[in-house]
Amino acid sequence: MKEYVISVIRGDGIGPEVVAGCSTVLHNAASAASLKLEFVDAPAGDETGRLKGKALPDSTIETITHSDACLKGPVGKSAADVIVRLRQELDLYANVRPAKSLPGVRCLDAGVDMVIVRENTEDLYKGLEIEFDGGVLALRSITAKASERISRFAFELSRSRAGKKSVVCVHKNNVLRKSDGLFVGTFYKVAGEFQDVKAEDMLVDSAAMNFIRKPSEFDVVVTTNLYGDILSDETAQVVGGLGLTPSANIGEKYAIFEPVHGSAPDIAGTGTANPTAIILSASMMLDWLSRSRKDSDCLRASEMIRKAVHRTLADGVKTRDLGGSAGTSDFAAAVSSRLEIPS
Ligand code: NAI
Ligand code: MG
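Residues numbered from 1 in each chain as written. Chains lettered and ligands numbered in written order. Predicted model: local features only at pLDDT ≥ 70, side-chain atom pairs only at ≥ 80, totals over all residues. Heavy atoms only, no water.

### Quick notes on the sheet that holds strand 2 (residues 35-41)
Then, in step 1: The strand order across the open sheet built from 10 strands is 2-1-3-12-11-4-5-10-8-9, with neighbouring strands paired in mixed fashion. On the outer flanks of this sheet lie strand 2 and strand 9 (198-203), each paired with one strand and no other. Strand-to-strand twist across the sheet, computed as the mean angle between neighbouring axes with direction ignored, equals 25°.
Then, in step 2: Bridge analysis of strand 5 (residues 113-119) against strand 10 (residues 220-223) gives four bridges, and the strand direction is parallel. When the sheet's bridge partners are listed, R118 is paired in strand 10 with T223.
Then, in step 3: Each of strand 5, strand 8 (166-171), strand 9 and strand 10 touches helix 7 (residues 204-213); the most contacted strand, strand 9, lies at about 105° to it. (Pairing = 2+ DSSP bridges. Helix = DSSP H or I, 4+ residues; strand = E, 2+ residues; numbered from the N terminus. Axes fitted to C-alpha atoms, helices over the stretch in contact; angles between N-to-C directions. Contact = heavy atoms within 4.5 Å.)

### Regarding the layout of surface pockets
Leftover empty space is mapped by rolling, across the atoms, a probe with the size of a water molecule.
Then, in step 1: One number sums up the size of the largest pocket: a volume of about 1200 Å³.
Then, in step 2: Taken together, 36 residues line the largest pocket, and the ones lying closest to its centre are P98, L157, M284, D287 and R291.
Then, in step 3: Elements that contribute at least two residues to the lining of the largest pocket include exactly strand 4 (94-100), strand 5, helix 5 (144-160), strand 11 (246-250), helix 9 (276-292) and helix 10 (296-314).
Then, in step 4: When residues of the lining of the largest pocket are assigned to their parent elements, the largest contribution, seven residues, is made by helix 9.
Then, in step 5: Taken together, the residues of the lining of the largest pocket sort by class into 19 nonpolar, eight polar and nine charged.
Then, in step 6: Both domain 1 (1-95 + 243-343) and domain 2 (108-238) contribute no fewer than three residues apiece to the lining of the largest pocket.
Then, in step 7: Volume-wise, the second largest pocket comes out at about 270 Å³.
Then, in step 8: Forming the walls of the second largest pocket are 19 residues, and the residues nearest its centre are A79, R87, R97, V260 and H261.
Then, in step 9: Classifying every residue of the lining of the second largest pocket gives 10 nonpolar, two polar and seven charged.
Then, in step 10: Counting contributing residues per domain, the lining of the second largest pocket is built from domain 1 (1-95 + 243-343) and domain 2 (108-238), each supplying no fewer than three. (1 Å grid on protein atoms, 1.4 Å probe; cavity = no way out; pocket = protein on both sides within 12 Å on 5 of 7 lines; lining within 4 Å. Points joined across faces, edges and corners; volume = space filled by probe spheres on them. Nonpolar A, V, L, I, M, F, W, Y, C, P; charged D, E, K, R; others polar. Domains from an automatic or database assignment.)

### Focus: the pattern of salt bridges
Then, in step 1: Under the defined criterion, the tally for this structure stands at 24 salt bridges.
Then, in step 2: In this structure, D113 engages K100 in a salt bridge whose closest nitrogen and oxygen atoms are separated by 3.8 Å. Residue D113 is found in strand 5, and its partner K100 is found in strand 4; the two are separated by 13 residues along the sequence.
Then, in step 3: Look at K100 and you get partly exposed, because its relative accessible area is 38%.
Then, in step 4: The residue R311 makes a salt bridge to E340 at a minimum N-O spacing of 3.6 Å. (Salt bridge = Lys/Arg side-chain N within 4 Å of Asp/Glu carboxyl O. Buried < 20%, exposed > 50% of the residue type's maximum accessible area, 1.4 Å probe, protein only.)

### Digging into the packing of aromatic side chains
Then, in step 1: Under the counting rule described, the total for this entry stands at six aromatic pairs.
Then, in step 2: Both rings, one in F155 and one in F194, keep their centres 5.1 Å apart while their planes meet at 15°; by these two values the pair is stacked. On the criterion of sequence distance, the pair formed by F155 in helix 5 and F194 in the loop between helix 6 (179-191) and strand 9 is long-range, its members being 39 residues apart. There is no split in this pair, since F155 and F194 are both buried.
Then, in step 3: The interplanar angle of 50° and the centroid separation of 5.9 Å between the aromatic rings of F257 and W288 together place this pair among those described as tilted. Linking F257 in strand 12 (residues 255-259) with W288 in helix 9, this pair joins segments that are 31 residues apart in sequence.
Then, in step 4: Sitting over the ring of Y125, R118 keeps its end group 5.4 Å from the ring centre. (Phe/Tyr/Trp six-rings, centres within 6.5 Å; stacked < 30°, edge-to-face > 60°. Lys NZ or Arg CZ within 6 Å of the ring centre and 35° of its normal.)

### So, the site of ligand 1
Then, in step 1: Near ligand 1 you find 22 residues, and of these K72, G262, A264, D266 and N274 are the closest.
Then, in step 2: Between ligand 1 and K72, the relevant distance is 2.8 Å, taken from an oxygen atom to a side-chain nitrogen or oxygen of the residue.
Then, in step 3: In this structure, N274 approaches ligand 1 through a main-chain N or O atom, which is 2.9 Å from a nitrogen atom.
Then, in step 4: Burial of ligand 1 by the surrounding chains reaches 68%, relative to a free accessible area of 820 Å².
Then, in step 5: For the shell around ligand 1, a count of residues per class yields 11 nonpolar, six polar and five charged. (Near = heavy atom within 4 Å. Polar contact = N/O pair within 3.5 Å; in protein donor to acceptor, adjacent residues only side chain to side chain. Areas by Shrake-Rupley, 256 points an atom, 1.4 Å probe, with all protein chains shown as cover.)

### Considering the domain arrangement of the chain
Then, in step 1: For the chain, the domain assignment lists domain 1 (1-95 + 243-343) and domain 2 (108-238).
Then, in step 2: If you average the C-alpha positions of domain 1 and of domain 2, the two centres end up 25 Å apart.
Then, in step 3: Tallying the contact residues gives 12 residues for domain 1 and 14 residues for domain 2.
Then, in step 4: Across the interface of domain 1 and domain 2, roughly 1200 Å² is buried in total on both sides, 51% from carbon and sulfur atoms.
Then, in step 5: Contact with domain 2 buries area across many residues of domain 1, yet Q88, Y93 and N95 alone supply 50% of it, more than any other trio.
Then, in step 6: Connecting domain 1 to domain 2 are one salt bridge.
Then, in step 7: The residue R149 makes a salt bridge to D91 at a minimum N-O spacing of 2.7 Å.
Then, in step 8: Where domain 1 packs against domain 2, one counts seven residue pairs in polar contact (both at pLDDT 80 or more).
Then, in step 9: Elements supplying a minimum of two residues to the side of domain 1 that touches domain 2: helix 4 (79-89), strand 4 and strand 11.
Then, in step 10: No other element matches helix 4, which puts three residues into the side of domain 1 that touches domain 2.
Then, in step 11: Looking at the side of domain 1 that touches domain 2, its residues break down into six nonpolar, four polar and two charged. (Buried area = accessible area lost by both parts, 1.4 Å probe.)

Next up, the structure:
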């Protein structure tokens, strides 16, 4: 039986609630797939900052780097000090954000199956803000190296998917001629290596419209950090809302899996948050472990979870954000009860 250490950031607001629901599902799926998962607490976020004086203690980074993968609940106001820092320090350069229509969930178009691949280490998120008399200068960094590796990641992802074999590069090079100019130019250079995948580009404002107008026409979208952050909340809504969409922060050595959504302070403590986004993030984590550790049991567990979520939603078990009445733990229990070992 393979054993994996999973570091867990429980986070703030609805974080601990959705993490608890997800842990039950993960535990049940792992034992059904003959895997052993050891969960190790990796404290981070607003509450950790209050208790320890630092939202991201060094010991937490160490716990993450000594684990096989990290599952993260959302944090609150300290997001820039926690997840933005972790992405840069651990060089988790690819932020993978799928948006897929789910059975029984009201959405804009039942045929959506797209993934935003967001560059995760640079752009305005370097946090280089310089105050001057009467204003602030925010510096945006775009490099050929980061643009090249994120483009390659996007093409490889599209090639591996059953979808349309297309990558759309989203940018604003009509205004940001040099920075987004470099991003798009590098994208097309990499496109030359992937003749089997269609390469196109689109202005970010036009992309924002087209994600509503014809979302099912997209396969993989690659973009810079800020646009990817904003557009992935939009694509979440296109398929039914932020309670549903998972994400992966992937680097060469480490990976962190978390929902796209934040700590939702408006519903924290009510037990009503939708844990689907983090449960699907856990499924992505097992899929990544299956590929990086060449372990088919992880793939079985990953698929088991994904299918159980689909069955649960198709059966009409829904949390409040989707018009239902199931609480966070009810929903997680319903998913657990639908885990089926693939034959
Ligand atoms: P949010 O994503 O927390 O909430 C936006 C809306 O979606 C709210 O109405 C919320 O109730 C709803 N929502 C989100 N997740 C839900 C779920 N699982 N089930 C049901 N409803 C859900 O975004 P907001 O309010 O802009 O940010 C709140 C805090 O989260 C901020 O302090 C922000 O810094 C932090 N944040 C942290 C992130 C991270 O840890 N990666 C990512 C995004 C925001
Ligand atoms: Mg965001």
